[in-house]
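Each chain, written out:
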Amino acid sequence: MLAPERRTRTDLVVAAVIAVVVVVAASIAWFTGDARGTASITAEEPLPQAEPATAVPTALTELWRAPSAATDSTRTPLPVVTGSTVVTADGGSVLGRDPRSGEQSWSYTRDLPLCSVVASWNTAVTVYRDDRGCSQVTELDGPTGERKAQRTSDADDAVRLSSDGTYVTSRGETRMELWRSDLVRTLEYGRVDAPVNPGSQPRTGCTLLSSASTNSRTAVLEQCPGEAAARLSLINPAPKDASEPEEYGSTVVPELVPESDAPTAGRIIAITGGIVALYIPAANGAPDRVGLFDDAAARVSEFPLPAGSSPTLDSPNFPATKAGSVLTWFTGAGILAFDADNLGPLWTVPGALGSGAVMAGRLLVPVPDGISVVDLSTGNATADIPVDRGDYDGPIQMAVIGDVVVEQRGSDVVALG
């Protein structure tokens with residue numbers, strides 16, 4: 001029979017010291033870590049998936065409105081809508097709301113500045129700023145607000161988030177990342193602090209001007225030191241090594257000269273398959289036009305923009321959005337529709353206030369005094385829905401969730417039904 005273990009006074013002192021160290025370490029982690037400045041309130045009941053509308057309404061009235069300054073049209077192209085939830089973001093808070101009532105179902109708040117929010121994979125992807133830039137990323141479940149994946153990484157102080165359905169892109173002026181649905185980084189492009197493998201990036205010191213992505217290609221427009229004009233590159237969104245971009249092709253576009261007399265800068269309109277549409281502003285007697293580039297970034301054709309549809313001085317710099325069988329691009333003066341397969345021009349809606357959104361097979365386009373119902377195949381207006389927007393007359397980006405129309409009006413989100 002073994003004798004019972006006997007603890008000495010020294011053993012007890014050592015145990016007490018270890019316990020104190022553990023408590024102190026836990027306290028330091030709490031006071032310095034992310035958890036102390038985070039408040040997460042999840043939904044008591046998940047918000048149900050919205051059923052698609054079967055018809056376009058003949059009348060719309062305001063259901064509710066809420067501030068959403070972190071998702072306005074200067075930073076995020078569309079209102080943030082998941083399959084069940086309208087997400088608003090203001091200050092350091094991200095709120096999940098019932099689409100029809102606007103009632104808050106869940107919330108996520110941090111004591112950090114909120115950079116931006118985007119909807120993807122039926123979640124809201126939120127990015128907060130710390131001393132590394134817009135680097136604190138959290139994925140929130142749309143129906144419940146529960147935290148899913150999280151990540152941190154180096155970033156610029158301001159970023160634009162976008163989603164192509166497969167990847168979320170976070171692009172600043174000097175650095176771009178792509179993430180998959182578990183927030184694992186698939187691509188790191190541009191500025192790299194303390195790179196593990198120096199020289200892994202194709203160029204350094206460039207300013208990223210515009211980008212667009214699909215599940216198989218990412219297009220980026222950048223201005224690099226020593227180059228006379230902006231450069232268009234086609235790259236793999238998920239190379240074998242995320243820190244080593246794989247280019248399919250890259251070329252300098254001679255018309256896109258920095259600080260030229262063109263009133264607006266060139267930008268990527270859309271990418272589909274192996275084709276990229278690039279806006280080329282008027283210069284040297286040539287009109288505003290769209291250049292089409294292939295998978296190797298070689299120009300294959302171009303066509304002029306229709307009269308009155310050129311981008312305005314303050315037009316937003318984000319790509320076309322998918323609207324059923326077409327892509328719609330808001331220029332600030334109206335929208336242009338492109339064939340989703342070959343990016344050929346289809347039709348225009350002059351005077352539109354935003355890209356529009358699809359409901360029941362029709363494109364709803366925000367226009368002064370209301371919403372125009374547009375046939376996707378022809379671009380013809382089939383009906384007009386009056387909407388009282390008070391004294392607001394700025395750009396409007398839209399989303400549809402079920403039979404509710406959501407408009408982003410500056411720093412406010414307004415639901416109509």
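Residues numbered from 1 in each chain as written. Predicted model: local features only at pLDDT ≥ 70, side-chain atom pairs only at ≥ 80, totals over all residues. Heavy atoms only, no water.

Caption draft 1: Structural detail: the overall build of the protein chain. From N to C terminus, the protein chain includes one helix and 33 strands. Buried positions account for 50% of the 417 residues belonging to the protein chain. Here the analysis covers contacts within the protein chain between residues at least 6 apart in sequence; of these, 49% occur between residues at least 24 apart. In the structure as shown, the protein chain presents an accessible area of about 18700 Å², 53% of it carried by carbon and sulfur atoms. (Helix = DSSP H or I, 4+ residues; strand = E, 2+ residues; numbered from the N terminus. Buried < 20%, exposed > 50% of the residue type's maximum accessible area, 1.4 Å probe, protein only. Contact = heavy atoms within 4.5 Å. Areas by Shrake-Rupley, 256 points an atom, 1.4 Å probe, with all protein chains shown as cover.)

Caption draft 2: Geometry of unusual backbone geometry. Located in the positive-phi region is Leu-183, a residue other than glycine, with phi close to 65°. Topologically, Leu-183 is positioned in the loop between strand S13 (175-179) and strand S14 (185-190). The phi angle at Ala-360 is positive, at roughly 50°, despite the residue not being glycine. One can find Ala-360 in the loop between strand S27 (357-359) and strand S28 (362-367).

Caption draft 3: A look at the layout of surface pockets. Here the largest pocket is characterised by a volume of approximately 1200 Å³. Leu-78, Ser-163, Asp-164, Thr-321 and Lys-322 are the residues nearest the centre of the largest pocket, which is lined by 49 residues in total. Residue composition of the lining of the largest pocket, by class: 25 nonpolar, 20 polar and four charged. (1 Å grid on protein atoms, 1.4 Å probe; cavity = no way out; pocket = protein on both sides within 12 Å on 5 of 7 lines; lining within 4 Å. Points joined across faces, edges and corners; volume = space filled by probe spheres on them. Nonpolar A, V, L, I, M, F, W, Y, C, P; charged D, E, K, R; others polar.)

Caption draft 4: The arrangement of the sheet that holds strand S15 (residues 207-213) in detail. Read from one edge of the open sheet, four strands run S15-S16-S17-S18, paired in antiparallel fashion. In the strand order of this sheet, the two ends are held by S15 and strand S18 (247-252), each with one partner. Each neighbouring strand pair of the sheet contributes to a mean axis angle of 15°, computed without reference to strand direction. The pairing of strand S16 (residues 218-223) with strand S17 (residues 231-235) spans five bridges and is classified as antiparallel. From the neighbouring strand, Glu-222 faces S17, where its bridge partner is Arg-231. (Pairing = 2+ DSSP bridges. Axes fitted to C-alpha atoms, helices over the stretch in contact; angles between N-to-C directions.)

Caption draft 5: Spotlight on the pairing of S28. By the criterion of burial, S28 is predominantly enclosed, with five of the six residues buried. Connecting S27 to the next strand, S28, in antiparallel fashion are two residues, including Ala-360 with a positive phi near 50°. Pairing analysis gives five bridges linking S28 to strand S29 (residues 370-374), with the strands arranged antiparallel. Within S29, the position partnered with Pro-366 by the bridge is Ile-371.

Caption draft 6: Structural view of empty space enclosed by the protein. Tallied over the full model, the rule gives one cavity of 30 Å³ or more. Empty space within the largest cavity amounts to approximately 70 Å³. The set of elements that each furnish at least two residues to the lining of the largest cavity consists of strand S9 (133-141) and S13. The biggest single contributor to the lining of the largest cavity is S13, with four residues. Its residues assigned to classes, the lining of the largest cavity shows five nonpolar, three polar and four charged.

Caption draft 7: Molecular detail of the pairing of strand S11 (residues 160-163). Pairing of S11 with strand S12 (residues 168-171), which is carried by four bridges, proceeds in the antiparallel orientation. When the sheet's bridge partners are listed, Ser-162 is paired in S12 with Thr-169. The hairpin turn running from S11 into S12, its antiparallel successor, is four residues long, and Gly-165 in that turn takes a positive phi close to 95°.

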